[in-house]
Amino acid sequence: MAKILIVDDAAFMRITIKNMLKKSAHEVVGEAENGKVAIERYKALAPDIVTMDITMPELDGLQALREIIAINPSANVIMVSAMGQEAMVREAIMSGAKGFIVKPFKEEGILSAIDKLA
Amino acid sequence: MIADESMLDVYIYETQQLLESLENTLFAGENDKRLNAEQIDEVFRVMHTIKGASAMMEFENMAKLAHSLEDMFAIIRDNNGSGLSEWPDIFDVVFSAVSYFNGELAKLLEKAPMDGDPAPLMERLKLLVARLQGETAAAATTQQAAPEAAVPAAVAPAAAKPAETMAPAPVYGKGEEAYYKIKLFFDENSQMEHIRAFGVIQNIKKISLRYAHVPQNLDTEAAADEIRRNGFLIFLQTGHNPDEIKAILDETLFLKSCSVLSIEGDDEEIPVEIRQSKEQAAAAASGRQTEQQAAENSFESVAKQNFISVNVNKLDSLLNIVGEIVTAQSMVMSNADFGSLAHDSFDSAAQQLHSLINELQDIVMSIRMIPVSTLFQKMRRLVRDMSKKFGKNIELEIIGEETEVDKNVIDYLSDPLLHIIRNSVDHGIEDPETRKKRGKPASGKITLEARMTGSDVIVTVADDGGGLSREKILKKASEKGLLTKSESEMTDKEIYNLIFLPGFSTKDEVTEYSGRGVGMDVVRKNIGYIGGSVTVDSEPGKGTIHTIRIPLTLTIVDGMKFNVGSMNFIVPTVSVRSAVKPNVEDIFTDPEGHEMIMLQGNVYSLIRLSEFFNVDDAVTELGEGMIMHIASEEKEFCIFFDHLDGEYQVVVKKLPNYLKRCSSSLAGIGGCAILGDGSINLIIDVNGL
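Residues numbered from 1 in each chain as written. Chains lettered and ligands numbered in written order. Predicted model: local features only at pLDDT ≥ 70, side-chain atom pairs only at ≥ 80, totals over all residues. Heavy atoms only, no water.

A.B. asks: Lay out the overall build of chain A with the relevant residues and their values.
C.D. replies: Along chain A, the regular secondary structure elements total five helices and five strands. When contacts within chain A are restricted to residue pairs at least 6 apart in sequence, those whose partners lie at least 24 apart make up 64%. Entry remark: accessible area of chain A is about 3700 Å², with carbon and sulfur atoms responsible for 51%. (Helix = DSSP H or I, 4+ residues; strand = E, 2+ residues; numbered from the N terminus. Contact = heavy atoms within 4.5 Å. Areas by Shrake-Rupley, 256 points an atom, 1.4 Å probe, with all protein chains shown as cover.)

A.B. asks: Help me get a handle on the overall build of chain B, residues and values and all.
C.D. replies: Along its length, chain B carries 20 helices and 22 strands. Partitioning the intrachain contacts of chain B with sequence separation of at least 6 by distance along the chain shows that 70% fall at a separation of at least 24. When the accessible surface of chain B is split by element, carbon and sulfur atoms take 52% of a total near 35300 Å².

A.B. asks: Account for the pairing of strand β13 (residues 567-572) of chain B, with residues named and values stated.
C.D. replies: All names here are of chain B. Counted residue by residue, β13 has five buried out of six residues, so it is predominantly covered. As judged from the two bridges shared by β13 and strand β22 (residues 680-684), these two strands associate in the parallel manner. The residue of β22 that forms the bridge with Phe 569 is Leu 682. (Buried < 20%, exposed > 50% of the residue type's maximum accessible area, 1.4 Å probe, protein only. Pairing = 2+ DSSP bridges.)

A.B. asks: Account for helix α2 (residues 37-56) of chain B, naming residues and giving values.
C.D. replies: Residues and elements named next belong to chain B. Relative to the 28 Å expected for 20 residues at 1.5 Å per residue, α2 spans 29 Å between its end C-alpha atoms, a close match to the ideal helical length. Most of α2 is tucked away: 15 of the 20 residues are buried. Directly after α2, the chain includes Glu 58, whose backbone phi takes a positive value near 65°. (Expected span 1.5 Å × (residues − 1).)

A.B. asks: So what's going on with the nonpolar core? Residues and values would help.
C.D. replies: One broad trend across soluble globular proteins is that nonpolar side chains are buried collectively. Ranked by internal contacts, the top residues of the largest apolar core, which has 69 residues, are Tyr 11, Met 72, Phe 73, Ile 90, Val 94 and Phe 101 of chain B. No other element matches helix α4 (residues 87-109) of chain B, which puts 12 residues into this core. Sequence-distant contacts of Phe 101 of chain B, that is, excluding residues within four places in its chain, are made with Leu 19, Met 47, Ile 50, Met 62, Leu 65, Ala 66 and Leu 69 of chain B. Within the second largest apolar cluster, 53 residues are counted, among which are Met 52 and Val 89 of chain A together with Val 200 and Ile 245 of chain B. (Core = buried A, V, L, I, M, F, W, Y, C linked by side-chain atoms within 4.5 Å.)

A.B. asks: How would you explain the packing of helix α11 (residues 312-333) of chain B against helix α12 (residues 344-367) of chain B if you had to name every residue and give the values?
C.D. replies: Residue and element names in this part refer to chain B. Closest axis-to-axis distance for the α11/α12 pair is 10 Å, and the angle between their directions is 160°. With respect to α12, the axis of α11 lies roughly antiparallel. Where α11 crosses over α12, the two elements pack in a sense that is left-handed. Of the residues in α12, those touching α11 at Leu 315, Leu 318, Leu 319, Val 322, Ile 325, Val 326, Gln 329, Val 332 and Met 333 are Phe 346, Ala 350, Leu 353, His 354, Ile 357, Leu 360, Gln 361, Val 364, Met 365 and Ile 367. The residue makeup of the contact of α11 with α12, split by class, is 16 nonpolar, three polar and no charged. (Axes fitted to C-alpha atoms, helices over the stretch in contact; angles between N-to-C directions. Parallel < 35°, antiparallel > 145°, perpendicular 65-115°, else oblique. Left-handed = near helix turned anticlockwise from the far one by under 90°. Nonpolar A, V, L, I, M, F, W, Y, C, P; charged D, E, K, R; others polar.)

A.B. asks: Residue-level account of the packing of helix α3 (residues 61-71) of chain A against helix α4 (residues 86-94) of chain A, with values.
C.D. replies: All names here are of chain A. Put simply, α3 and α4 touch, their axes get as near as 10 Å, and they point 5° apart. The orientation of α3 relative to α4 falls into the category roughly parallel. Facing Leu 62, Leu 65 and Arg 66 of α3, the residues of α4 in contact are Met 88, Glu 91 and Ala 92. Looking at the contact of α3 with α4 residue by residue, the classes come out as four nonpolar, no polar and two charged.

A.B. asks: So, the side chain of Asp 426 of chain B: which residues are in play, and what are the values?
C.D. replies: Locating Asp 426 of chain B in the fold gives a position in helix α14 (residues 407-428). A polar contact of 3.2 Å, which involves the side chain of Asp 426 of chain B, links it to the side chain of His 427 of chain B. (Polar contact = N/O pair within 3.5 Å; in protein donor to acceptor, adjacent residues only side chain to side chain.)

A.B. asks: Describe in detail unusual backbone geometry, supporting the description with residues and values.
C.D. replies: Cis geometry marks the peptide bond from Lys 103 of chain A to Pro 104 of chain A, where omega comes out at -5°. With respect to the helices, strands and loops of the structure, Pro 104 of chain A is situated in the loop between β5 (99-103) and α5 (107-117). Its identity as a non-glycine residue notwithstanding, Glu 58 of chain A has a phi of 70°, on the positive side. Of the residues examined, Glu 58 of chain A reaches a relative accessible area of 60% and is grouped as exposed. The phi dihedral of Asn 614 of chain B is positive, around 55°, even though this residue is not glycine.

A.B. asks: Could you give me a rundown of the packing of aromatic side chains, with the residues and numbers involved?
C.D. replies: Residue and element names in this part refer to chain B. Scanning the model with the defined rule gives nine aromatic pairs over all chains in all. Taken together, a centroid distance of 5.0 Å and an interplanar angle of 80° make the contact between Phe 612 and Phe 613 edge-to-face. Aromatic ring contacts, followed pair by pair, group Phe 562, Phe 569, Phe 612, Phe 613 and Phe 641 into a single cluster. When the ring centre of Phe 44 is taken as origin, the NZ or CZ atom of Arg 77, which lies over that ring, is 4.2 Å away. (Phe/Tyr/Trp six-rings, centres within 6.5 Å; stacked < 30°, edge-to-face > 60°. Lys NZ or Arg CZ within 6 Å of the ring centre and 35° of its normal.)

A.B. asks: An account of the sheet that holds strand β10 (residues 533-539) of chain B is requested, with residue identities and associated values reported.
C.D. replies: Residue and element names in this part refer to chain B. An order of β6-β8-β9-β11-β10 is seen for the five strands of this open sheet, with the pairing classed as mixed. The sheet is open, and its two borders are formed by β6 (394-399) and β10, each paired with just one other strand. For this sheet, the mean angle separating the axes of adjacent strands, direction not counted, is 15°. Here strand β9 (residues 456-463) pairs with strand β11 (residues 543-551) via eight bridges, running antiparallel. Bridge pairing in β11 links Thr 460 to Thr 547. The strands touched by α14 within the sheet are β6, β8 (444-453), β9 and β11, with β9 carrying the most contacts at an inclination of about 20°. Across the sheet, helix α18 (residues 520-529) is in contact with β10 and β11; its angle to β10 comes to roughly 140°.

A.B. asks: Can you explain the pattern of salt bridges? Please cite residues and give values.
C.D. replies: All names here are of chain B. By the definition in use, this model includes 33 salt bridges over all chains. With a shortest N-O distance of 3.3 Å, Lys 388 and Asp 92 are connected by a salt bridge. One end of the pair, Lys 388, is in helix α13 (residues 373-390); the other, Asp 92, is in helix α4, with 296 residues separating them in the sequence. Using a relative accessible area of 24% as the deciding quantity, one classes Asp 92 as partly exposed. A salt bridge links Asp 225 to Arg 228, with the shortest nitrogen-to-oxygen separation between them at 3.3 Å. A residue pair is termed a helical-turn pair when its members lie 3 or 4 positions apart in one helix, as Asp 225 and Arg 228 do in helix α8 (residues 221-230) at three residues. (Salt bridge = Lys/Arg side-chain N within 4 Å of Asp/Glu carboxyl O.)

Next comes the structure, spelled out in structure tokens:
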């Protein structure tokens, strides 16, 4: 069982992911609506896994990822991307993201990614 | 994905919010005839979010359209959006898209099929993008390829090293390290397989001396296809053993299968172009960052969330319950069982309960208050679209959009406002030539204002158009038999307000926006539902002003209770000026047969409610009943009834629908209320008498 932090500016996506994880053994310990908050919550909650949206106001997912990797180089961050964001995802991988998932995804998809890192 | 109700709610709510803020951004930008970098970013982000959420909900059309818009704004962003000649078209297409999204959401809310066809919009977008690309290509120098240009400036320096993503085609010669061939497949539907392969290479790179992969170019969609079909092949030279390699590969997300085979360095299978390459070996794994300890226990408190969103249905039931409590309270307080007993301590406890319930009521009402800004912004859109359509230049000035009203009010106010503004744009404001002839500025102006006055919210819509025509209205009204007084008796204001009568409409021609046969009477009716009233005034040649008056609290009103025969009525206290026993001598009949009464030096018409509502068992002798002087903004008159029961605070209930269906005329009745004693009382609609 892993502690999970969900980062997405869209409440809809946060709820969706949370609902998908409900039935799993994992626990969503926090949510953040932008990169800035994500970093704060990461420090405060020390989650095992972070799901990170890329396009967000204030501080985007890439910058938040870099900050989190700077705090903990082995942090498990899964980028939540969409078609058309190939370049960003590449950046994220080079910056230390453990992988990515592409919207729209299904429950099995996100669970398999999280189970792998848990 | 199977979405449950709450997710659907959130989806709709959030998407609507996004569209709203998007529209505001567009309006702000349209004034400058372009969007600035920040605004472009915002549009891009909104579209991205809608795309993602819609795709998750499997609303393909919405997702597709949002995706196309996102793509277009990526192009605009990369061109800094400056100096584009396409801005007017961009605004148009995005506005149309917002309408499309809103339309689909509305269908979703009504559980209707989301059958809007985005194809025409997509076609417009495609053409626009082609033009934009023509322009960007001309503007841009050499530099990056188009799709990859979606990297924001902050990360661009790193991205500008494409060499890193290409295999430094290794030489397979002699060395201590062994050679391996890896073949892997990703899960079906994992998507963006070429980027996944790129991710694998990033990890493999760290442990290999040399490596190569097939497909070699991981920058294109075509690579993703190939990997999906044939798998991803990696050849590498490394000192690590197969288990270690496998362990690293196993970290890959969405890895379906992978095999690690030991091969010879000169294996035929290795792509020829790679075998022949003479390039220097890439440096092997090094500089791997040492792991740091996770951040010290930080007890930084997590920022508290100060807002929650609540389904409005819950607020409705909360309000209903508060209404019931008010009723129950009066049932207890005026309970007949107490008789004439003295009960001081009960009274003081009851008083405390009463003030607490009042407070509760205030809080519940305040929760339901939202600013009219959202509604007003919608009108901005309407004015914009319509003035384009009619070739008129119209500016909409909005004042007091922060004024708060009950959520219900917003719902009921929307259609009337739309209607009034349509009328102003269509019939009120003249075309530019006429305006010039009349010595007015070419562009017309509509002022939409909301303000608070004591117990009411006042919303006015004023235009500087031609004004209403007294003569036309009188002519039409007499044609339709709507006049109740002779023309000479009517004030200008009374004449103007004839337009609110059912069946009145002066414009013969029907346009898309106004004059669909739904007249101003609907405006009055809708506003009547929420206990409000609407009046109009006009000055020929100068313009027209509509004034909508809405009570702040809708559902709980103070009213005077009286009866007519066995019927109980309540009239809102705000409309009551006085109630007296009449002097029979003061009542007379005018030449047309209407009963009139002289009250404090003024003459008012007298309405016998028993006649108005056809009550049989009521008092008919004027000396035995009572007179109430009633005044609203539009009329002042007196009613005759049997006897007054006192003042009550009542919860207004809408008349049940079946009543509306079975009775042709409910004129004069605005709703009903159940009092503490269980009696049903009809609430008088003053303007309907």
